[in-house]
Amino acid sequence: MKTLARVSGELRLDVAGAATQRSVLDALEAGFPMLRGTIRDQATQRRRPFVRFFACERDLSHESPDTPLPEPVATGAEPLLVVGAMAGG
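Residues numbered from 1 in each chain as written. Predicted model: local features only at pLDDT ≥ 70, side-chain atom pairs only at ≥ 80, totals over all residues. Heavy atoms only, no water.

## Thoughts on the pattern of salt bridges
Turning to step 1, where the next piece is worked out: Summed over the entire model, instances satisfying the criterion amount to six salt bridges.
Turning to step 2, where the next piece is worked out: The residue Arg40 makes a salt bridge to Glu29 at a minimum N-O spacing of 2.9 Å. Here Arg40, found in the loop between helix H2 (21–31) and strand S1 (51–55), pairs with Glu29, found in helix H2; they are 11 residues apart in sequence, far enough to count as distant. Of the two residues, Arg40 and Glu29, neither departs from the other in class, the shared state being buried.
Turning to step 3, where the next piece is worked out: Put simply, Asp59 and Arg52 hold a salt bridge, and the shortest N to O gap is 2.4 Å.
Turning to step 4, where the next piece is worked out: Shared partners join several salt bridges into a network, and the residues in it are Asp26, Glu29 and Arg40. (Salt bridge = Lys/Arg side-chain N within 4 Å of Asp/Glu carboxyl O. Helix = DSSP H or I, 4+ residues; strand = E, 2+ residues; numbered from the N terminus. Buried < 20%, exposed > 50% of the residue type's maximum accessible area, 1.4 Å probe, protein only.)

## Some remarks on the sheet that holds S1
Turning to step 1, where the next piece is worked out: An order of S2-S1-S3 is seen for the three strands of this open sheet, with the pairing classed as antiparallel. This sheet does not close on itself; its edge strands, each paired only once, are strand S2 (58–59) and strand S3 (81–84).
Turning to step 2, where the next piece is worked out: Pairing analysis gives four bridges linking S1 to S3, with the strands arranged antiparallel. Counterpart to Arg52 in the pairing with S3 is Val83. (Pairing = 2+ DSSP bridges.)

## A look at the nonpolar core
Turning to step 1, where the next piece is worked out: With 13 residues, the main nonpolar core has Leu25, Leu28, Ile39, Phe53, Leu60 and Leu69 as its most contacted residues.
Turning to step 2, where the next piece is worked out: Mapped onto this core, the elements with two or more residues apiece are H2 and S1.
Turning to step 3, where the next piece is worked out: Apart from the residues lying within four places of it in its own chain, the contact partners of Leu25 are Ile39, Arg40 and Phe53. (Core = buried A, V, L, I, M, F, W, Y, C linked by side-chain atoms within 4.5 Å. Contact = heavy atoms within 4.5 Å.)

## Here we look at the side chain of Arg40
Turning to step 1, where the next piece is worked out: Accessibility expressed as a relative area gives 3% for Arg40, which makes it buried.
Turning to step 2, where the next piece is worked out: Within the structure, the side chain of Arg40 is placed 2.5 Å from the side chain of Asp26, a separation counted as a polar contact.
Turning to step 3, where the next piece is worked out: Every residue in contact with Arg40, bar those within four places of it in the chain, is listed here: Arg22, Leu25, Asp26, Glu29, Gln45, Arg46, Arg47 and Arg48. (Polar contact = N/O pair within 3.5 Å; in protein donor to acceptor, adjacent residues only side chain to side chain.)

## What about the confidence of the model for the chain?
Turning to step 1, where the next piece is worked out: In the predicted model, the chain carries a mean pLDDT of 88, and the fraction of residues at 70 or more is 91%.
Turning to step 2, where the next piece is worked out: Mean pLDDT in the chain bottoms out at helix H1 (residues 2–5), which sits at 62, and peaks at S2, which reaches 96. (pLDDT = per-residue confidence, 0-100.)

## Points about the environment of Glu57
Turning to step 1, where the next piece is worked out: One can find Glu57 in the loop between S1 and S2.
Turning to step 2, where the next piece is worked out: Given the relative accessible area of 87%, Glu57 is considered exposed.

If you want it as structure tokens, here you go:
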């Protein structure tokens, strides 16, 4: 995703309202439109099967996209990691 977005390192995003997976992805896709459809389906807004979300040593992938993110993520002290999962052996 970093290659597609033409960035290196971590990104800092300004999120309007509560920090949730949905608001973070909305801000990410607004700033980097080339990522639309890569992390979540454009029609359903559901997470792609091989994309995982991690924060504060927890897998947040199956939480509701509108659940508030942990406070350290909301304040910028900890990152929200969007990771492409590997399949197979």
